[in-house]
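Coordinate inspection notes
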Amino acid sequence: MSLSRSAIDTKPYARAGQADRSKILLRCLHLAVGLLSLLAFLLAGLYLYLELPDSSDVPQGYSMLYRANHIYLLCAALLNVQLGCYLNVLNFPLARGLQWIGSLLLLLAPALLLLAIFDEPVQSGPELPYTLPALVALFAGVTLHATARVLARRQSR
């Protein structure tokens, strides 16, 4: 029996029922958070441009913290937009669960990074109460999505 390539490739993906609703919900959440985060990135950039004192008045460490957090916010926004456009919810329960946990982490990261832009550099301490958890959430979220994909591929064989 010969199967077409498309029949083999789509086997690990959800096709009907609850999985379709999960797919729509996750995609909409990621796209909404991603687009709002892109808007927040632009507005935060404008705020930093207008409100941040001249670089000669601010210690270089503070300036680097502002810039790093701003770029991290862009990264989180783009990851969410990407998932909002291309996410396929997997059909296998364990893989789908990993996707949901990964998605929740990726959805949380932009909010933490936005807080980091406005709060962390002001604190002037070596602790990064928002940036570190946000970056760990980004790393863990992407890793969980990748792990889910690998598990689904193995289970479909």
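What this report covers is the structure whose coordinates are included nearby. (Residues numbered from 1 in each chain as written. Predicted model: local features only at pLDDT ≥ 70, side-chain atom pairs only at ≥ 80, totals over all residues. Heavy atoms only, no water.)

**Overview of helix α3 (residues 60-86)**
- For α3, spanning 27 residues, the distance from its first C-alpha to its last is 39 Å, which sits close to the expected 39 Å at 1.5 Å a residue.
- Every buried residue of α3 is listed here: Ser63, Tyr66, Asn69, His70, Leu73, Ala76, Ala77, Asn80, Val81, Leu83 and Gly84. (Helix = DSSP H or I, 4+ residues; strand = E, 2+ residues; numbered from the N terminus. Expected span 1.5 Å × (residues − 1). Buried < 20%, exposed > 50% of the residue type's maximum accessible area, 1.4 Å probe, protein only.)

**Here we look at the nonpolar core**
- Membership of the largest hydrophobic core comes to 19 residues, with the highest contact counts inside it found for Leu73, Leu113, Ile117 and Leu138.
- Secondary-structure elements contributing two or more residues to this core are α2 (18-51), α3, α4 (93-123) and α5 (131-156).
- In terms of nonpolar packing, the next biggest core, distinct from the first, is built from six residues, Leu90, Leu98, Ala148 and Ala152 among them. (Core = buried A, V, L, I, M, F, W, Y, C linked by side-chain atoms within 4.5 Å.)

**Considerations on the side chain of glutamine 99**
- For glutamine 99, the location among the structural elements is in helix α4.
- Of the residues examined, glutamine 99 reaches a relative accessible area of 1% and is grouped as buried.
- Setting aside residues up to four positions removed in sequence, glutamine 99 forms contacts with Leu87, Asn88, Val89, Leu90, His145, Ala148 and Arg149. (Contact = heavy atoms within 4.5 Å.)

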